[in-house]
Structure formats: C-alpha cells, structure tokens
Amino acid sequence: QQKVQQSPESLSVPEGGMASLNCTSSDRNFQYFWWYRQHSGEGPKALMSIFSDGDKKEGRFTAHLNKASLHVSLHIRDSQPSDSALYFCAAINYAQGLTFGLGTRVSVFP
Amino acid sequence: GGIITQTPKFLIGQEGQKLTLKCQQNFNHDTMYWYRQDSGKGLRLIYYSITENDLQKGDLSEGYDASREKKSSFSLTVTSAQKNEMAVFLCASSPGRANTGQLYFGEGSKLTVL
C-alpha cells in the first residue's frame, strides 16, 4: 500500500487560475512533509516544506497541513505556464527517510 | 550554488549487460542518493550513502550495486539489465547526515534496454 497518496493524478488549470493538489499519509510516524516540482527532462526540485498545522505561504504557493488527518495540500495561485510540471508530495520519517507519492501532473493552459 | 552532474544522460544496453551510471556533486554534501523513477510509480530509493565508503540499501536495492569512493561521487551499477526495461535514474544529495527531506537532484540518466 502506498504510504503517501496524492490526488488528483492530473489537473488542468487555466492561466491565472488556482491549482489545488492533495496528499494524504497513512503513517503517523511521518514528522513533516515536502512538496517537490519536476519539469519535463529535469530532476525534481524542492518547493517547500511544512511541519506545523495550518498554512505556510511562499510567493504564489501555499501549503496547508492538518496533522490530525495527516493531510497536506498545495495551492498554486495565479497559475503560470511555467507551473506545468509533475508535483510530488514527500513525507519524512527520521528513521525511514523520505517517502514520495506518485505525483500529480499539472497542466496550465492559456 | 552547486550542481549535480549525472553521466551518461542516455544509456542503451542489452539484456544481461552490466551498466554503470555516475554522479558527481560540488555542493560538498555528506549524503548522496540514487532513486529510480518509473512512469506511474513515483520515486523509489535504491541506495544511499551518508559518507565516503558508506552504503545503505533502499527499498529497491536488489539487482543493483553502488559505490562511494569519494565524497563528491556516487556510482550505481545495474548488475544485469532486464529486457525492455526503461527507467530514469536520479542522483541526489543533501547536506549533513540526517535526512531533513531537502534533496538536490541531478537531471537524470535514462536507461533503455533492448
């Protein structure tokens, strides 16, 4: 069973719109979460981490964590064509390291 | 800033062949990783190393060997390539020896086995 589950698998968003990505963990040993972004032909790049309940904002990106439900989301405001990419949620457990979800593919259309 | 360089970028092999991928980093990071990325299966950890000459197995280590002879380099060997195998292998590094979750990835090496 996948320990880090992401939804949806893919998402189309109009330019200027809001993209919302979801991630749920089934393991309460995870200490905190990361979001990574991977453009085609490149390696993943870390976007932001979150470990406290509530929101964390970095520019157009806002992550939200609910520790009780082990649910984390990523919201991309004012989506740009350059935001078209594969987004990974990753959860970290100091004993087991980093576990990645399967990813959500975001396409921003004009 | 720093960079992770993976070579080769594309690798074509024959079934049963031993194939080696190389990774260099100039971040001066302690820990290095090899991940495999298959379509629809996310990123799976093959091996990691927290210092020179250290090797730790990940979830997918069977069928692979790794070597960390210098702090800056980490190589991965596919011991016997499987027919029709196609995947991207990603090298990454992180500062320190405790995994905080922030990894720096290379651009990947794409393997195709005929």
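Only a predicted model underlies this, so the values are computations on that prediction, with no experimental measurement involved. (Residues numbered from 1 in each chain as written. Chains lettered and ligands numbered in written order. Predicted model: local features only at pLDDT ≥ 70, side-chain atom pairs only at ≥ 80, totals over all residues. Heavy atoms only, no water.)

A. Structural view of the pairing of strand 11 (residues 104–109) of chain A. All names here are of chain A. The side-chain alternation of strand 11 yields one buried face, formed by Thr104, Val106 and Val108, and one unburied face, formed by Arg105, Ser107 and Phe109. In this structure, strand 2 (residues 10–14) lies alongside strand 11, joined through 5 bridges in parallel fashion. The residue bridging Ser12 from the neighbouring strand is Ser107, located in strand 11. Here 3 bridges tie strand 9 (residues 85–93) to strand 11, and the two strands are oriented antiparallel to one another. From the neighbouring strand, Tyr87 faces strand 11, where its bridge partner is Thr104. (Buried < 20%, exposed > 50% of the residue type's maximum accessible area, 1.4 Å probe, protein only. Helix = DSSP H or I, 4+ residues; strand = E, 2+ residues; numbered from the N terminus. Pairing = 2+ DSSP bridges.)

B. Fine view of the interface of chain B and chain A. Taken residue by residue, the interface counts 16 residues in chain B and 18 residues in chain A. Between chain B and chain A, the buried area comes to about 1,300 Å², and carbon and sulfur atoms account for 58% of it. Ranking the residues of chain B by area buried against chain A places Leu43, Asn99 and Phe105 of chain B at the top, with a combined share of 31%. Here chain B is connected to chain A by 0 salt bridges. (Contact = heavy atoms within 4.5 Å. Buried area = accessible area lost by both parts, 1.4 Å probe. Salt bridge = Lys/Arg side-chain N within 4 Å of Asp/Glu carboxyl O.)

C. Main features of the layout of surface pockets. Taken as a whole, the largest pocket encloses approximately 800 Å³ of empty space. The wall of the largest pocket is formed by 34 residues, among which Gln38, Leu86 and Arg105 of chain A together with Gln37 and Ser39 of chain B lie closest to the centre. Secondary structure elements with two or more residues in the lining of the largest pocket: strand 1 (4–7), strand 9 and strand 11 of chain A together with strand 9 (86–94) and strand 11 (109–113) of chain B. Here the residues of the lining of the largest pocket sort into 10 nonpolar, 16 polar and 8 charged. Size it by volume and the second largest pocket reaches roughly 380 Å³. Every residue lining the second largest pocket is counted, 18 residues in all, and those nearest its centre are Leu98, Thr99 and Phe100 of chain A together with Leu43 and Asp59 of chain B. When residues of the lining of the second largest pocket are assigned to their parent elements, the largest contribution, 4 residues, is made by strand 5 (residues 43–49) of chain B. (1 Å grid on protein atoms, 1.4 Å probe; cavity = no way out; pocket = protein on both sides within 12 Å on 5 of 7 lines; lining within 4 Å. Points joined across faces, edges and corners; volume = space filled by probe spheres on them. Nonpolar A, V, L, I, M, F, W, Y, C, P; charged D, E, K, R; others polar.)

That is the geometry; function is a separate question.
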